[in-house]
Amino acid sequence: MPNYICVTCGTQYAQSIQPPEHCLICEDERQYIGMHGQKWTTLEELRPDHHNVIKPLEPNLTGIGSHPDFAIGQRALLVQSPKGNILWDCISLIDEPTVAAVRALGGISAIAISHPHYYSAMVEWSKAFDAPIYLHGDDRSWVMRQDPAIRYWDDDAKVLWDGITLVHCGGHFTGSTVLHWPAGSSGRGVLLTGDTIQVLPDRRYVSFMYSYPNLIPLPARAVRYIASAVELLPFNRIYGAWWEPVIEHDAKNAVMRSAKRYIAALEGIEIV
Ligand SMILES: [Zn+2]
Ligand SMILES: [Zn+2]
């Protein structure tokens, strides 16, 4: 029986003879159903005309994204670390060349995902590398393909190893998280943020939204919570959910001034 994948959001569902009637992720207010209606595919259908691009981003950090773009179009990040590599966020496509390339980089010891839009084909990735999947427990109702490899965590933070820590921020989803990688950016620290903290095209500001495609903002208290969750972490750089853009330097100040600007806008204070 196939595991159908939603064409609009890239989420892979539990096995079923027929495609599911609904995609709960796309029917949620944060997403949308594609203009041609609900469409489904499978990994077998995706593989002939898609492949994954695997690109080094800085020492011990590699991006993995599909070409041509599929669904939301995010790219995953592989953090290489002495005690084991971590795949941050995930994509729908996995194939033999990808598995071989990731094995050559040391494989995957754990998968951690920022929020449900990037759960994608996490169970396939987990099975290929025999890796547990760490998800925040507040988002457990959004898991469309259950698996014993999924480990929920419920606190403010979960330390994996080598100081690599998953930090709960909430906002976009109740369980939205970021990953803090202290060894990144030559030891000055890196945050991998998915959609929890969105890097903007000017590379000086970030944003925070309940829904990105539907342009629904977050309340001020949620923005304050996100900023306070990362304020004490040492980090210099942020990688968001796509290949570009990246905040290369002084990223913590970028988050703090962005939160201030956002809250000022919500409160009707003139920004300029
Ligand atoms: Zn969907
Ligand atoms: Zn999202």
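Residues numbered from 1 in each chain as written. Chains lettered and ligands numbered in written order. Predicted model: local features only at pLDDT ≥ 70, side-chain atom pairs only at ≥ 80, totals over all residues. Heavy atoms only, no water.

With respect to the coordination of the zinc ion (ligand 1)
Reasoning step 1: Those donors, Cys6 (SG), Cys9 (SG), Cys23 (SG) and Cys26 (SG), are the protein atoms that reach the zinc ion (ligand 1), and they lie 2.2 to 2.3 Å from it.
Reasoning step 2: Note that the zinc ion (ligand 1) binds four donor atoms; their angles at the metal cover 103 to 118°, and the shape is tetrahedral.
Reasoning step 3: Written as a sequence motif, the donor residues of the zinc ion (ligand 1) are C-x2-C-x13-C-x2-C.
Reasoning step 4: You can call Cys6 buried: its relative accessible area is 0%. (Donors = N, O, S within 2.8 Å, 3.2 Å for Na, K, Ca; no water. Tetrahedral: all angles 85-135°; square planar, octahedral: opposite > 155°, others 65-115°. Buried < 20%, exposed > 50% of the residue type's maximum accessible area, 1.4 Å probe, protein only.)

A closer look at the pattern of salt bridges
Reasoning step 1: Summed over the entire model, instances satisfying the criterion amount to eight salt bridges.
Reasoning step 2: Between Asp28 and Arg30 there is a salt bridge; the shortest N-O distance is 2.7 Å. Taken individually, Asp28 and Arg30 each receive the classification buried, so the pair is uniform in this respect.
Reasoning step 3: A salt bridge links Arg237 to Glu248; the nearest nitrogen and oxygen atoms lie 3.3 Å apart. (Salt bridge = Lys/Arg side-chain N within 4 Å of Asp/Glu carboxyl O.)

Describing the side chain of Gln74
Reasoning step 1: Checked against the element boundaries, Gln74 lands in the loop between β4 (61–67) and β5 (76–79).
Reasoning step 2: For Gln74, a relative accessible area of 7% gives the class buried.
Reasoning step 3: Here the side chain of Gln74 touches Cys90 through a polar contact of 2.8 Å, landing on its backbone oxygen.
Reasoning step 4: When near neighbours in sequence (up to four residues on either side) are disregarded, Gln74 contacts Cys90, Ile91, His117, Tyr118, Ser120, Ala241 and Trp242. (Helix = DSSP H or I, 4+ residues; strand = E, 2+ residues; numbered from the N terminus. Polar contact = N/O pair within 3.5 Å; in protein donor to acceptor, adjacent residues only side chain to side chain. Contact = heavy atoms within 4.5 Å.)

Structural notes on the packing of helix α6 (residues 220–231) against helix α7 (residues 251–266)
Reasoning step 1: For the pair α6 and α7, the least separation of the axes is 10 Å and the interaxial angle reads 170°. The orientation of α6 relative to α7 falls into the category roughly antiparallel. For the element pair α6 and α7, the recorded crossing hand is left-handed. Side by side, α6 and α7 meet where Ala220, Val223, Arg224, Ala227, Val230 and Glu231 of the first sit next to Lys252, Val255, Met256, Ala259, Tyr262, Ile263 and Leu266 of the second.
Reasoning step 2: Within the contact of α6 with α7, the residues separate by chemical class into ten nonpolar, no polar and three charged. (Axes fitted to C-alpha atoms, helices over the stretch in contact; angles between N-to-C directions. Parallel < 35°, antiparallel > 145°, perpendicular 65-115°, else oblique. Left-handed = near helix turned anticlockwise from the far one by under 90°. Nonpolar A, V, L, I, M, F, W, Y, C, P; charged D, E, K, R; others polar.)

With respect to the coordination of the zinc ion (ligand 2)
Reasoning step 1: Taken together, His115 (NE2), His117 (ND1), His172 (NE2) and Asp195 (OD) make up the protein donors of the zinc ion (ligand 2), found 2.1 to 2.2 Å from the metal.
Reasoning step 2: For the zinc ion (ligand 2), the donor residues sit on a single chain with the sequence spacing H-x1-H-x54-H-x22-D. One end of the pair, His117, is in the loop between β7 (110–112) and α4 (122–129); the other, Asp195, is in the loop between β13 (190–194) and β14 (198–199), and 78 residues separate them in sequence. Each of the two residues, His117 as well as Asp195, counts as buried.

Remarks on α6
The periodicity of an α-helix, 3.6 residues per turn, causes residues three or four positions apart to be oriented the same way.
Reasoning step 1: With twelve residues, α6 should cover 16 Å at 1.5 Å per step; its first-to-last C-alpha distance of 16 Å lies within 8% of that length.
Reasoning step 2: All of the buried residues along α6 are Ala220, Ala222, Val223, Ile226, Ala227 and Val230. For α6, the angular spread of the buried residues around the axis is 170°, confining them to a single face. (Expected span 1.5 Å × (residues − 1). Arc of directions from axis to C-beta.)

Honestly, that's just the spatial picture; any functional story needs more than this.
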